[in-house]
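Residue-level listing of the chains:
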Amino acid sequence: MIRQRGAFRLFSSLPGLLAGVGLTGFFALSPMNCFPEDLSKRTSSPLVQGQGMERGKGHRDKSDDLQAQLHEWKIVRVYPHDPTAFTQGLVFSEGRLFESTGIRAKSTLREVELETGRILKSRSLDPKYFGEGLTLWEDRLIQLTWQSGTGLVWNKDIFHLEKVFHYEGEGWGITHNGQHLIMSDGSATLRFLDPKTFEKARSVVVRDRGESVEQLNELEWINGEIVANIWGQDRIARISPASGQVLGWIDLSALRNALGPVQGPDALNGIAYDPERDRIFITGKLWPRLFEIQLCPQ
Ligand SMILES: [Ca+2]
C-alpha cells in the first residue's frame, strides 16, 4: 500500500494550510478535518455521493465493500489554478508543474508556476487536436490527443515538437513507471508502451473485486502504484500495476466545497506527484484551485 511505504505524510501543519491562497470561504470548513469525516454515520457509500458524479457511469451499490477500502484524506495546501484551463494532464518534476489542456482549437501544453498559478510558458496545439494526458519521459513531455490517435513528443524546456507517434483507439491519460509508458483510453484497460517505439508491451484490466473499472482517465505513478481518476466521478483509485486490482479508493468529492466562487467547474481531472517532497496535487477541468492533499492515518 502507498501509505505503508511512507509515500504519504500523515499529518499536515496549520501554517502550511494558511500559506494557501484564497482560503477565507473554504477554511470555515474545518480544514484539519479528514474526509470523509465519519463513514460510520453514512447511510450509503460516500463514493456515490456529492457533486460531479452525475456523469459517471457504473455507480456502485456495494457500499460496504467500497467503504472497507476507502482512504481518508485532508487538504494540505491550496493553490490558484487557471479557471479557464480544461485540465487533461498534470505532471510535477523537479519543482516544475506541467499541464495539458483540452478542447479543440483551445488545447495547450503549458508550464505553470505552482505557487501563483501563473502560466510561465504555453504552446497551442494544432486546432485539430484535443489535448489529453501528459507525462514526462526523460527530457521529453509526451502528450496524448483524445480521438486523433496521435501522441505528441515535446522538448520539455522549449516546448519544441520533436516528433509524433500513433496509437490505436482513444488517448486519455498517460504516466510511466520508469520502464514503460502507461496510458488509459476511457475503458478499464491500461496499456503499457515501450517509451522508444511506442509499441504496446502489455495491458492490464483494472478491476475492483471482480468488476471492471471503466472510464479510467488521468494517471500518475506513485511509489510503485498507478493512481487514476475516474471520469465524471470525484474519486481516484490506487491500482496494482501487475494485476490491475484496485487497492484502495480516495473519495475527493469534498474538494467541490473548497473550490470557491466558480462557474461550472467540470470533472476532477489532474493528478501530479512530487517524489522529492512526497506531495500529491489534484485539480480539475475549469477548477480555479489546485490542491495538495495527503492521506490521513487509518
Ligand atoms: Ca498525471
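Residues numbered from 1 in each chain as written. Predicted model: local features only at pLDDT ≥ 70, side-chain atom pairs only at ≥ 80, totals over all residues.

Student: I'd like to hear about unusual backbone geometry, residue by residue, with values.
Tutor: Most peptide bonds are trans, and most residues other than glycine sit at a negative phi. At I103, a residue that is not glycine, the phi angle is positive and equals roughly 85°. You can see I103 is positioned in the loop between β4 (96-101) and β5 (108-112). Residue class for I103 comes out partly exposed when judged on the 16 C-beta atoms lying within 10 Å of it. A positive phi angle, near 55°, is found at F159, a position not held by glycine. Its 16 C-beta neighbours within 10 Å are what place F159 among the partly exposed residues. (Helix = DSSP H or I, 4+ residues; strand = E, 2+ residues; numbered from the N terminus. Buried ≥ 20, exposed ≤ 12 C-beta atoms within 10 Å, placed from the backbone.)

Student: Could you give an account of the nonpolar core, with specific residues and numbers?
Tutor: Among soluble globular proteins, nonpolar side chains are generally buried collectively. Within the largest apolar cluster, 67 residues are counted, with the highest numbers of intra-cluster contacts made by I174, A228, L255, A272, F281, I282 and F291. Excluding residues that lie within four positions of it along the chain, I282 makes contacts with L252, L255, L268, G270, I271, F291 and I293. (Core = buried A, V, L, I, M, F, W, Y, C linked by C-beta atoms within 7 Å. Contact = placed C-beta atoms within 7 Å.)

Student: Give me the lowdown on the pairing of strand β7 (residues 131-137), citing residues and values where you can.
Tutor: The buried fraction of β7 amounts to 5 of the 7 residues, a majority that puts the element mostly inside the structure. Bridging between β7 and strand β8 (residues 140-145) involves 5 bridges; their strand directions are antiparallel. In the strand pairing of β8, L134 is matched with Q143. Where β7 folds back onto β8 in an antiparallel hairpin, the turn is made up of 2 residues, including E138, whose phi is positive at roughly 55°. (Pairing = 2+ DSSP bridges.)

Student: Which residues make up the confidence of the model for the protein chain, and what values go with them?
Tutor: Per-residue pLDDT for the protein chain averages 83, and the proportion of residues at 70 or more is 79%. Scored below 50 in pLDDT, residues 1-31 makes 49 contacts in the model with residues more than four places away or belonging to other chains. For residues 38-68, every residue scores under 50 in pLDDT, and the model assigns this stretch 45 contacts once sequence neighbours within four places are set aside. (pLDDT = per-residue confidence, 0-100.)

Student: Any details on the environment of E115? Residues and values, ideally.
Tutor: Within the secondary structure, E115 is located in the loop between β5 and β6 (119-124). Distance in space between the C-alpha atoms of E115 and H81 is 9.4 Å, their sequence separation being 34 residues.

Student: Give a detailed account of the sheet that holds strand β3 (residues 87-93), specifying residues and quantitative values.
Tutor: Pairing within the open sheet is antiparallel, and its 4 strands lie in the order β3-β4-β5-β6. Two strands lie at the open edges of the sheet, namely β3 and β6, each paired on one side alone. Mean inter-strand twist for the sheet, computed between neighbouring axes without regard to direction, equals 15°. Across 6 bridges, β3 lies against β4 in antiparallel orientation. Its bridge partner lying in β4, F92 is registered against L97. (Axes fitted to C-alpha atoms, helices over the stretch in contact; angles between N-to-C directions.)

Student: I'd like a rundown of the environment of R77, residues and numbers included.
Tutor: Along the polypeptide, R77 turns up in strand β2 (residues 73-80). When the C-alpha positions of R77 and F281 are compared, they lie 9.3 Å apart, and in sequence the two are 204 residues distant.

Student: Outline the sheet that holds strand β13 (residues 189-193), supporting the account with residue identities and numerical values.
Tutor: With antiparallel pairing, 4 strands are arranged side by side in an open sheet as β11-β12-β13-β14. What marks the edges here is a single partner per strand, and that holds for β11 (174-176) and β14 (200-205). Each adjacent strand pair in this sheet contributes to an overall mean axis angle of 25°, direction not counted. Pairing of β11 with strand β12 (residues 181-184), which is carried by 3 bridges, proceeds in the antiparallel orientation. In the strand pairing of β12, T175 is matched with I182.

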